[in-house]
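As a plain string of letters, each chain reads:
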Amino acid sequence: MDLFLQALINGVMLGGFYAAMMLGFSVIWGVMGVINLAHGEMIMVGAYLSWLLNEHVGMDPFASLLIVMPVMFIIGYVLQLILINRVVDRPILVSLLVTFGLSIAISNLVNVIFSADPRLTDTALEGAWSVGNVTFPVTKTAIMGVALLIMTSLWLFLQKTRTGKSIRAAAQNKQAARIVGIDINKIYALTFGICIAITGAAGAIISPTQAIFPFMGVPLTLRAFTITALAGLGSIPGALFGGIVLGIVESMIGVYVSGIGTNLAIIASFVLLVVILITRPQGLFGGLRPIEEPVQL
Amino acid sequence: MTVPPNRPPTKSRLVLLVALLVVLAALPIVMTVFPDQTWVTNSRLFSFTQMFMLITLTSNWNLTGGFTGYVDFGHAVFFGIGAYGTGIFMNEAWPFWPSMLAGAVLAAVFALIIGYPTLRLKGPYFSIAMLGMFVAMREIVRVAKPLTGGGVGLTLPPYLNRPLFYYVTFFLAVLVVGIMWWIRRSEFGATLIAIREDEVGAEMRGINTTVNKIAAFVLAGFLTGIVGGLWAYQNTFIDPDGVFFPSRTVELVMMAMLGGLGTVAGPVVGATTIYWMRDVVWANLAEWHLFAEGMLMILIVLYAPQGIMGKLGDRSGTSLLRVWRNPLRRSALEEVPEDEVSV
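Keep in mind that this is a model prediction, so the values were computed, not measured.

Re unusual backbone geometry
Residues and elements named next belong to chain B.
Thought 1: The residue Ala93 is not glycine, and still its phi comes out positive at about 70°.
Thought 2: Within the element layout of this structure, Ala93 appears in the loop between helix 3 (76-91) and helix 4 (96-118).
Thought 3: By C-beta crowding, Ala93 is classed as exposed, having 8 other C-beta atoms within 10 Å.
Thought 4: Even without being a glycine, Thr236 presents a positive backbone phi close to 60°.
Thought 5: With respect to the secondary-structure elements, Thr236 resides in the loop between helix 10 (209-235) and strand 2 (237-238).

Pasting the structure below:
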C-alpha cells in the first residue's frame with residue numbers, strides 16, 4: 001500500500017512537470033494551428049540556460065527562472081517573426097516539416113556547443129519530508145509548486161487580461177479578430193514567446209532531478225503530443241489532468257516492473273499515444289482539431 | 001485534378017542512363033585491374049555503397065510519403081527491424097542471406113500489423129504516430145535484452161568485402177528504382193496517386209484504398225528491411241542508438257523533398273545530392289553537419305517544396321515530375337488577394 005501511495009505521489013509530481021512542459025505545445029497548436037515539433041528542444045534549451053547559470057554564476061535553477069523565462073520569451077518571439085510566421089497560414093504538414101528541421105538543427109547545435117554529456121544542476125531545495133511511510137522530496141514538491149504557479153498565471157493571463165483575450169479571440173476566429181483591430185502577427189509572436197518562455201521554464205525546473213542532454217527533446221515532444229491527445233487543445237485544466245494521468249502511468253510501471261521499468265514507462269507513453277490516435281483521432285474528449293483535408297503540403 | 005502522364009524516357013536519356021549504369025558497374029573492376037590508381041579505392045566504394053543505400057531508402061520512403069501522400073516520420077523503424085532481425089538470426093548461426101530475408105520479412109509483417117490502424121490516420125496524426133512508433137521501437141529493443149543484447153548491442157560475424165557490398169547495394173538500388181518506375185506507370189501507382197489527391201473520391205470510384213495503402217506500406221517496409229539487414233552486416237555491430245539514429249528518419253524525408261516528392265527520379269537526385277554534399281562539403285564542417293542538415297531542411301520546405309525534379313519539370317515540360325506541386329499550387333490559389341474579390 002505504501003509502495004502504491006508513493007508511486008501515486010511520484011506520478012502526480014511528475015505529472016505536474018508534464019503539464020507545465022506541454023502547455024506551450026498545446027496553446028501554440030490551438031491558437032496558431034502549428035504543431036511545433038521543436039517543442040522538446042525548447043525545454044532542452046531552457047534546461048541548458050539554467051545549467052549555464054548554475055555552473056558559472058552559481059544560481060539556483062528555481063531562481064534562474066527570472067532570467068531563463070525572459071530569454072526564452074525573446075527566443076520565441078524572434079523565432080516566430082523570422083520563421084514560424086512564414087508557415088502559419090500554410091497547410092499543417094509544412095509547419096510540421098519546418099519545425100522538425102528546427103528540432104534537428106537546435107539539438108545538434110547544442111550537442112556541438114555542450115557535447116552529449118548528461119548534466120544536472122544543483123539546487124538548495126534538497127531533502128525530503130515524510131507523512132507516514134510516504135516521502136515527499138522537496139525538489140519535486142517545488143517543481144510541482146512552480147508548475148502549478150505557471151499554469152495558474154497563464155490561465156489568469158488568458159482569461160483576465162486584454163492581451164489574453166486577444167489571443168483567445170485570434171484562436172477562435174482569425175478574420176473576425178482582425179476586423180475588430182487585433183494585430184494578428186503581434187498576437188502570434190506574443191503567444192509563441194509566452195509559450196516558449198513557459199516551456200523553457202519547465203526545462204529549468206526539471207534540471208535538478210533529470211539529467212539534461214542535447215537529444216532529450218524528441219521523447220518530450222511526443223509526450224506533449226500524448227497529453228494533448230488526452231487533454232485537448234489549449235485547455236489548462238485538461239493539461240493538468242492529462243499530465244497527471246501520464247505521470248501516474250509512467251510512475252506505476254516504473255515501480256511495479258522491476259529492472260526495465262523506466263524503459264517500459266517510455267514505451268507505455270508512446271503506445272498510449274498511438275492507441276489514442278488510432279481509436280479516437282479527435283482526442284479523448286474530442287479536443288483535437290479535425291484535419292479538414294486528407295493530404296496537403 | 002489531372003495526374004500528368006508518365007512518358008517513357010527519350011532515346012538520348014536512355015543512352016545516358018545506360019552509360020551511367022555501366023560506369024558504376026565497372027568501378028570495382030577498375031580497382032582490381034589498376035590497383036595503383038588512387039581514385040577508385042575501398043573507401044570510395046564504401047561511399048558509393050552508402051549512397052546506394054540512401055537512394056533505396058529514399059525511394060521506399062517516397063512510395064508512402066510521395067506517391068500515397070502519407071508523410072512518414074518513422075520509416076527508419078523498418079530499417080531498424082531489418083537490421084535487428086538480421087543480427088538476431090545471424091547470432092543463431094544462420095547464414096547471412098536467409099537472415100537478411102527473414103529480417104526483411106519481419107519488417108514487412110510489422111508494416112502489415114501497424115499499417116492497418118495507422119494508415120487510417122490523416123496528415124500530421126499519421127506522421128506523429130509513426131514518429132512515436134520509431135522512438136518506442138528503440139526502447140523496446142533496449143528492453144528486449146535476451147534477444148537484442150539491450151543497450152550493449154549485437155555483434156555480427158565480420159565480413160570485409162567492399163566490392164560485394166557495392167554490387168549488392170548497386171543492384172538493389174537499380175532494382176528498387178526500377179520497381180518505383182514500374183509502379184508509377186502501373187494501375188497500382190495511379191491508384192496510389194489517386195489516394196493522395198483525393199482519398200474519399202478514390203473510394204467513391206470503387207478503389208479499395210485500405211488494401212492499396214497497406215500494400216504500398218508493406219512493400220516499402222520490406223525493401224527498407226533489406227537495406228537495414230545489409231547495413232547491419234556491413235557495419236558488423238548494431239546497437240539501439242546507432243540503428244534507431246534519430247536523424248536517419250529525418251534525412252529520408254529531406255532527401256525525397258529535395259529531389260521532388262512523388263517522382264521516380266526525385267529520391268535518386270535528392271539522395272545523391274545530399275550524400276555528396278555531406279561527403280565533400282560538410283566533411284569540412286565536421287560535427288556541424290547535422291545542424292546544417294536541419295537548416296537545409298527548413299530552407300527546402302520554405303523555398304523549394306517542389307524539389308529539384310519539380311523545378312526541372314517546369315522548364316522541360318515533362319509533367320511526370322510535378323505531381324506533388326499541384327496541391328501546393330491549389331493552396332496558393334485559395335489565397336485570393338483582397339482587392340481582387342468582386343463583391
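Some remarks on the interface of chain A and chain B
Thought 1: With 40 residues of chain A at the interface, the matching set in chain B holds 45 residues.
Thought 2: Counting residues per element, the side of chain A that touches chain B draws most heavily on helix 4 (residues 92-114) of chain A, which supplies 14 residues.
Thought 3: Taken together, the residues that form the side of chain A that touches chain B break down as 34 nonpolar, four polar and two charged.

Some words on the nonpolar core
All names here are of chain A.
Thought 1: Membership of the largest hydrophobic core comes to 204 residues, with the highest contact counts inside it found for Ala19, Ala20, Ile198 and Ala201.
Thought 2: Broken down by element, this core gets its largest block of residues, 16 residues, from helix 1 (residues 2-32).
Thought 3: If near-sequence neighbours (up to four positions away) are discounted, Ala201 is found in contact with Gly46, Leu65, Val68, Met69 and Ile150.

Re helix 8 (residues 184-206) of chain A
Thought 1: Under the 1.5 Å per step criterion, the end-to-end length of helix 8 of chain A is 33 Å for 23 residues, consistent within 8% with the ideal 33 Å.
Thought 2: In terms of burial, helix 8 of chain A is a largely internal element, 19 of the 23 residues being buried.

Considering the pairing of strand 2 (residues 134-137) of chain A
Thought 1: Direction of pairing for strand 1 (residues 128-131) of chain A relative to strand 2 of chain A: antiparallel, over a ladder of four bridges. Residue pairing for strand 2 of chain A: Val131 of chain A is matched across the bridge by Val134 of chain A.

Observations concerning the environment of Glu41 of chain A
Residue and element names in this part refer to chain A.
Thought 1: Along the polypeptide, Glu41 turns up in helix 2 (residues 39-56).
Thought 2: Sequence separation of Glu41 and Met216 is 175 residues, and the distance between their C-alpha atoms is 7.5 Å.
Thought 3: Residues in contact with Glu41, not counting those within four places in the same chain, are Ser103, Ile106, Ser107 and Gly217.

Scoring rules and cut-offs
Residues numbered from 1 in each chain as written. Chains lettered and ligands numbered in written order. Predicted model: local features only at pLDDT ≥ 70, side-chain atom pairs only at ≥ 80, totals over all residues. Helix = DSSP H or I, 4+ residues; strand = E, 2+ residues; numbered from the N terminus. Buried ≥ 20, exposed ≤ 12 C-beta atoms within 10 Å, placed from the backbone. Contact = placed C-beta atoms within 7 Å. Nonpolar A, V, L, I, M, F, W, Y, C, P; charged D, E, K, R; others polar. Core = buried A, V, L, I, M, F, W, Y, C linked by C-beta atoms within 7 Å. Expected span 1.5 Å × (residues − 1). Pairing = 2+ DSSP bridges.

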